[in-house]
Amino acid sequence: MKNRSPIIITIITAILATASIQSVTAERSTNQDQLLANAQLSDRQTNQLKSLGVKVAIPSYVPAGFKVASVQVKPCPSGVRRFCPNYAIIYRNPNNSCFAIESTGGGIGDMPSADLERDYPVNNSILGKGAVLKYRKNDRLSGPTLIGTWMGKGPFYRFTGAGSRLFLDTAPPELSNCKDISPQEAVRVWESLRYLP
């Protein structure tokens, strides 16, 4: 009789541990599915981003009405790991507003301070602290008015507003001839970034 108790306790412990692992796995899978659904990425786009072989940060919050307009990726040339790989996820809505989340492996610098109107602090749980910068429009600055500071330790990530040139060295049609979202929404998007599972 005394020998059965430790065996029963061991069996019950094993059953509870298995149930706990299954519960955590199911919860993790649900969270990952929800993250991908919130970011509105298709399987093809997700695989495109994963093919870069780096941590990919995607927004877990996208303002209502916005859809992925395009995903651009630029892998590193064979044997090169400097200033690459790069990617941009570009979002646009029917009201002609747009923004992007972009990343690069390096080659970043400080954002210009000339014509800076205001900065909006950002505190992201995976990337740390940064800001969304709002610039005054003038004759010299006809392009972007909202852009995020680069965050992370490599790869580096930022929020990119309407009209901005991407680090991919392109000014895609998806970011041209459209309007910025509000700085508050930009901060909310920026703070929502999580790594692609």
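Below is a short write-up of the structure. (Residues numbered from 1 in each chain as written. Predicted model: local features only at pLDDT ≥ 70, side-chain atom pairs only at ≥ 80, totals over all residues. Heavy atoms only, no water.)

### A word on the overall build of the protein chain
Line of reasoning, step 1. Helix and strand counts for the protein chain come out as three helices and nine strands.
Line of reasoning, step 2. Taken from the N to the C terminus, the helices and strands of the protein chain come in the order α-α-β-β-β-β-β-β-β-β-α-β.
Line of reasoning, step 3. Counting only residues that meet the buried cut, the protein chain has 40% of its 197 residues in that class.
Line of reasoning, step 4. Counted over contacts in the protein chain with a minimum sequence separation of 6, partners at least 24 positions apart contribute 57%. (Helix = DSSP H or I, 4+ residues; strand = E, 2+ residues; numbered from the N terminus. Buried < 20%, exposed > 50% of the residue type's maximum accessible area, 1.4 Å probe, protein only. Contact = heavy atoms within 4.5 Å.)

### Looking at the state of the cysteines
Line of reasoning, step 1. Scanning all chains against the criterion turns up two disulfides.
Line of reasoning, step 2. Between C76 and C84 runs a disulfide, and the two sulfur atoms are separated by 2.2 Å. Linking C76 and C84, the disulfide has an S-S dihedral of approximately 125 degrees and is accordingly described as right-handed.
Line of reasoning, step 3. On the accessibility criterion, C84 (9% relative accessible area) is buried.
Line of reasoning, step 4. Disulfide partner of C98: C178, at an S-S distance of 1.8 Å. (Disulfide = S-S within 2.5 Å.)

### Looking at the side chain of Q45
Line of reasoning, step 1. Following the sequence through the fold, Q45 ends up in helix 2 (residues 43-50).
Line of reasoning, step 2. Excluding its chain neighbours within four sequence positions, the residues that come into contact with Q45 are Q40, V68 and V71.

### A word on the nonpolar core
Line of reasoning, step 1. If you look at the biggest cluster of nonpolar residues, it comprises 32 residues, and the most contacted ones within it are I89 and W190.
Line of reasoning, step 2. No other element matches helix 3 (residues 183-191), which puts four residues into this core.
Line of reasoning, step 3. Each residue touching I89, except ones within four places of it in the same chain, is listed here: L41, L49, A57, I58, V68, S70, V71, F99, A100 and I101.
Line of reasoning, step 4. Judged by nonpolar contacts, the second largest core, of seven residues, contains A88, I90, A100 and L175. (Core = buried A, V, L, I, M, F, W, Y, C linked by side-chain atoms within 4.5 Å.)

### Side note on the pairing of strand 4 (residues 98-104)
For a regular strand, side chains alternate in direction, first toward one face of the sheet and then toward the other.
Line of reasoning, step 1. Of all seven residues in strand 4, seven are buried, a share of seventy percent or more.
Line of reasoning, step 2. What you see with strand 4 is no split at all: C98, A100, E102 and T104 on one side and F99, I101 and S103 on the other are buried throughout.
Line of reasoning, step 3. Relative to strand 4, strand 3 (residues 86-92) runs antiparallel, the two sharing six bridges. By the bridge assignment for strand 4, I89 is matched with I101.
Line of reasoning, step 4. Hairpin connection, strand 3 to strand 4: the antiparallel pair is bridged by five residues, and N96 has positive phi, about 70 degrees.
Line of reasoning, step 5. Two elements, strand 4 and strand 8 (residues 156-161), share six bridges in a ladder whose sense is antiparallel. Bridge pairing in strand 8 links S103 to Y157. (Pairing = 2+ DSSP bridges.)

### Remarks on the environment of Y120
Line of reasoning, step 1. Mapped onto the secondary structure, Y120 falls in strand 5 (residues 116-124).
Line of reasoning, step 2. Separated by 28 residues in sequence, Y120 and G148 have C-alpha atoms that sit 9.2 Å apart.

### Observations concerning the side chain of T160
Line of reasoning, step 1. Its place among the elements puts T160 in strand 8.
Line of reasoning, step 2. A distance of 2.6 Å separates a polar atom in the side chain of T160 from a polar atom in the side chain of E102. (Polar contact = N/O pair within 3.5 Å; in protein donor to acceptor, adjacent residues only side chain to side chain.)

### Description of helix 3
Line of reasoning, step 1. Taken together, the buried positions of helix 3 are P183, A186, V187, V189 and W190. End-on view of helix 3: buried residues confined to an arc of 165 degrees, all on one side of the axis. (Arc of directions from axis to C-beta.)

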